[in-house]
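# Summary of the model geometry
Listed below, chain by chain, are the residues.
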There are 2 protein chains.
Amino acid sequence: MAVLDIKFTSHDCGSCPIRHRAVCARCDSDELAMLEEIKYYRSFEAGQTVIWSGDHMDFLGSVVTGVATLSHTLEDGRTQMVGLLLPSDFVGRPGRELAAYDVTAITDITMCCFRRKPFEQMMDRTPHIAQRLLQMTLDELDAAREWMLILGRKTAREKIASLLAILGRRDASLGLGGPVGDEIVFDLPLTREAMADYLGLTLETVSRQVSALKKDGLIELEGKRRVRVPSYDALLAETGDDSDGGLMV
Amino acid sequence: MAVLDIKFTSHDCGSCPIRHRAVCARCDSDELAMLEEIKYYRSFEAGQTVIWSGDHMDFLGSVVTGVATLSHTLEDGRTQMVGLLLPSDFVGRPGRELAAYDVTAITDITMCCFRRKPFEQMMDRTPHIAQRLLQMTLDELDAAREWMLILGRKTAREKIASLLAILGRRDASLGLGGPVGDEIVFDLPLTREAMADYLGLTLETVSRQVSALKKDGLIELEGKRRVRVPSYDALLAETGDDSDGGLMV
DNA sequence: CGTGGTCTTGACACGATTCAAGCCCCGTGG
DNA sequence: CCACGGGGCTTGAATCGTGTCAAGACCACG
């Protein structure tokens, strides 16, 4: 997490760490200047709720640093995570005033927030923002569908393996802990309970299956939150996906 | 299904039954004329596969009549439906050449197909199409997230009740079988197996829970495929969602 | 050194799956 | 006209995986 935990304080889009991946990725300098007019930063500590489902949202925004979650809760307390928000991910839906999900910071986070009305007006005028948002939304939809397969059809062991594979793939693509053979190492930004809410399991089952994968030599733990995967391919074989990798993008 | 089963043969967008809900909804007459240039119709019979995951797709398109599904299959045969495509729903992803999911007709269907390349060029030029596609994609993402909650956290009984509530809500919104009290009646376009693939269950469990809901008076069946719900509110109470209706849109 | 949060492990219960048998309905062919 | 066959569906019995409840370990922090 070291890289992601740096508090981002500058107000200059030019030096923003998510400049080229967020909703503003395609904007030119004029458009960025307009965004600077309507944006502000907010920070939340790990564990804080950013927004409650049903709340009025007067902003839309991007996660700049840290990790947050989107989740649904049933009245009896069962909760299902429906989105894992990493740096550059977008929060809120243009045209919707009331939040549809709970948003919770699970590490300390910084968000870049745009005032709703001017942002929506800007979306209508500058296609670059809408184009990028469409691309990001299509990516999220793909991720949601892969996730649905995990929730609906995989065993507990396959679910854990899939989650670790997804997190590992992401960190590998960021170039943290470069590839040595197909070994990968990464930090787990989720508690056992958050993993359970992601996967539709109980935290006890998560704990048992993590232990089982460890016993079988598929993963090693340094502390509770740092994971070493000696063979990424061996891990993939435990996900139940097609042998070609499964995680088509 | 009577209304949806009508074969649509005209090539004139003006009289198209999904003119105002599909990806072309915002297009003006000039834009429609351009679409007419690059479109063609295809029909598939119930049970036919429209596209296999991994196939090259040389078109994008909309379901005009009938019902189709999007699904993932694991190598050992477990399958999870990840999309239920109703008239006006869009198939394919701009910029992606290879299909990511299997598309299957579950009733006879008609599709309005656009040749890929010219459609993608047109998307870049005319914001009306991209705007509408963004809106539709955001709706699908919401549906996928509601679906994830169902898959991850609901019991078999709640899953069945939720699916029936979703299908009933849709048919009610189309004004078929108008509201009498809160009774609704609708056709079930899905087999027990398709319902199972939707909900991450086995077909036996689906059958058992449908029987249980029937025994408890929450639904009545006329034949296997026509459902009467005497009280929609009572059905909602079985979904496990918040009492306020849960299905926020 | 105590406290609280997080995680692990065990024993047991229960809900969903699996495997199997048979029903219902409709279309086909004798 | 009826027998036959098959697809879709239902139901039962046994099994298995995951959830539930409970106890305790580990670790950071005051």
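In what follows, the structure referred to is the one given above.
As a starting point, this report considers the structure included with it. Every residue gets a number counted from 1 within its own chain, in the order that chain's sequence is written. Whichever chain is written first becomes A and whichever ligand is written first becomes 1, with later ones labelled in order. In view of the model being predicted, local features appear only for residues whose pLDDT reaches at least 70, and side-chain atom pairs are presented and counted only at 80 or more, with totals across whole chains, interfaces and linings using the full set of residues. Side-chain measures were taken over the full set of non-hydrogen atoms in the model, leaving aside hydrogen atoms and water.

### A look at the overall build of chain A
Secondary structure elements are taken from DSSP: a helix is a run of H or I of four residues or more, a strand is a run of E of two residues or more, and numbering for both begins at the N terminus. Looking only at helices and strands, chain A has eight helices and eleven strands in total. Note on exposure labels: buried denotes an accessible area under 20% of the residue type's maximum, exposed denotes more than 50%, and partly exposed covers the range between, all computed with a 1.4 Å probe on protein chains only. Residues counted as buried form 55% of the 249 residues belonging to chain A. Contacts are residue-level and defined by heavy atoms, with any inter-residue pair within 4.5 Å sufficient. By sequence separation, contacts in chain A at least 24 residues apart represent 72% of the contacts at least 6 residues apart.

### As for the sheet that holds strand β6 (residues 90–91) of chain A
All names here are of chain A. In spatial order, the strands read β1-β8-β3-β6; together these four strands make up an open sheet with antiparallel pairing. Among the strands making up the open sheet, the edge pair consists of β1 (39–44) and β6. If DSSP finds at least two bridges between two strands, the strands pair. Pairing analysis gives six bridges linking strand β3 (residues 59–65) to strand β8 (residues 109–115), with the strands arranged antiparallel. Paired with S62 across the bridge in β8 is C112. Throughout, an axis means a line fitted to C-alpha atoms (over the contacting stretch in the case of helices), and angles, computed between N-to-C directions, take values from 0 to 180 degrees. Across the face of the sheet, helix α3 (residues 116–125) comes into contact with β3, β6 and β8 while running at roughly 70° to β8.

### Examining the interface of chain B and chain A
How big an interface is tends to be stated in terms of accessible area lost as the parts join. Taken together, the contact between chain B and chain A spans 51 residues of the former and 51 residues of the latter. Together chain B and chain A conceal approximately 4400 Å² of surface at their shared face, both sides included; 55% is due to carbon and sulfur atoms. Reported buried area values correspond to the accessible surface (1.4 Å probe) lost by two parts on association, with both partners' losses combined. If you sort the residues of chain B by the area they bury against chain A, R145(B), M148(B) and R153(B) come out on top, with a joint share of 18%. What makes a salt bridge here is a side-chain nitrogen of Lys or Arg within 4 Å of a carboxyl oxygen of Asp or Glu, nothing more. Linking chain B to chain A there are twelve salt bridges. For R145(A), the salt bridge identified is with E140(B), shortest N-O distance 2.7 Å.

### Examining the pattern of salt bridges
Counted by the stated rule, this structure contains 37 salt bridges over all chains. Note that D139(B) is salt-bridged to R93(A), the shortest N-O span being 2.8 Å. Here R93(A) lies in the loop between β6 and β7 (102–105) and D139(B) lies in helix α4 (residues 127–153), a pairing that spans two chains. Note that R228(A) is salt-bridged to E183(A), the shortest N-O span being 2.3 Å. On the criterion of sequence distance, the pair formed by R228(A) in strand β11 (residues 226–229) and E183(A) in the loop between α5 (156–173) and β9 (184–187) is long-range, its members being 45 residues apart.

### A word on the side chain of S62(A)
Mapped onto the elements of the fold, S62(A) is located in strand β3. In this structure S62(A) touches I18(A), A22(A), V23(A), D89(A), F90(A), T110(A), M111(A), C112(A) and F114(A), once residues within four positions along its chain are discounted.

### Focus: the protein's contact with DNA strand C
In the vicinity of DNA strand C lie 17 residues, with R192(A), S207(A), A156(B), T205(B) and R208(B) positioned nearest. The near set for a molecule or strand comprises every residue that places at least one heavy atom within 4 Å of it. Of what DNA strand C places within 4 Å of the protein, 60% of the atoms are sugar or phosphate. Think of a polar contact as two N or O atoms within 3.5 Å of one another; within protein, one of them needs to be a possible hydrogen donor and the other a possible acceptor, and neighboring residues in sequence only count if both atoms come from side chains. Residue R192(A) places a side-chain N or O atom 2.7 Å away from a phosphate oxygen belonging to DNA strand C. In the environment of DNA strand C, a phosphate oxygen lies 3.2 Å from a nitrogen or oxygen atom belonging to the side chain of R225(A). Taken together, the elements giving at least two residues each to the surface near DNA strand C come down to α7 (203–215) of chain A together with α7 (203–215) of chain B. If one sorts the elements of the surface near DNA strand C by residue count, α7(A) sits on top with five residues. Three classes are used, and their members are as follows: Ala, Val, Leu, Ile, Met, Phe, Trp, Tyr, Cys and Pro are nonpolar, Asp, Glu, Lys and Arg are charged, and the others, Gly among them, are polar. Of the residues belonging to the surface near DNA strand C, the class tally is three nonpolar, seven polar and seven charged.

### Details of the protein's contact with DNA strand D
If you check the shell around DNA strand D, you find 17 residues, and the closest are T205(A), R208(A), R192(B), S207(B) and S211(B). Restricting the count to atoms of DNA strand D within 4 Å of the protein gives a sugar and phosphate share of 62%. Between DNA strand D and S207(B), the relevant distance is 2.7 Å, taken from a phosphate oxygen to a side-chain nitrogen or oxygen of the residue. Note that a phosphate oxygen of DNA strand D is positioned 3.1 Å from one of the side-chain N or O atoms of R225(B). Within the residue set of the surface near DNA strand D, elements represented by two or more residues are α7 of chain A together with α7 of chain B. The element that contributes the greatest number of residues to the surface near DNA strand D is α7(B), accounting for five residues.

### What about the relation of the copies chain B and chain A?
Least-squares superposition of the copies uses the C-alpha atoms of those residues scoring a pLDDT of at least 70 in each of them. Aligned on chain A, chain B shows an RMSD of 0.1 Å; the corresponding rotation is 180° and the shift along the axis is 0.0 Å. Each copy turns onto its partner about a two-fold axis. Both copies contact each other with a shared surface, as 100% of the interface residues of chain B are interface residues in chain A too.

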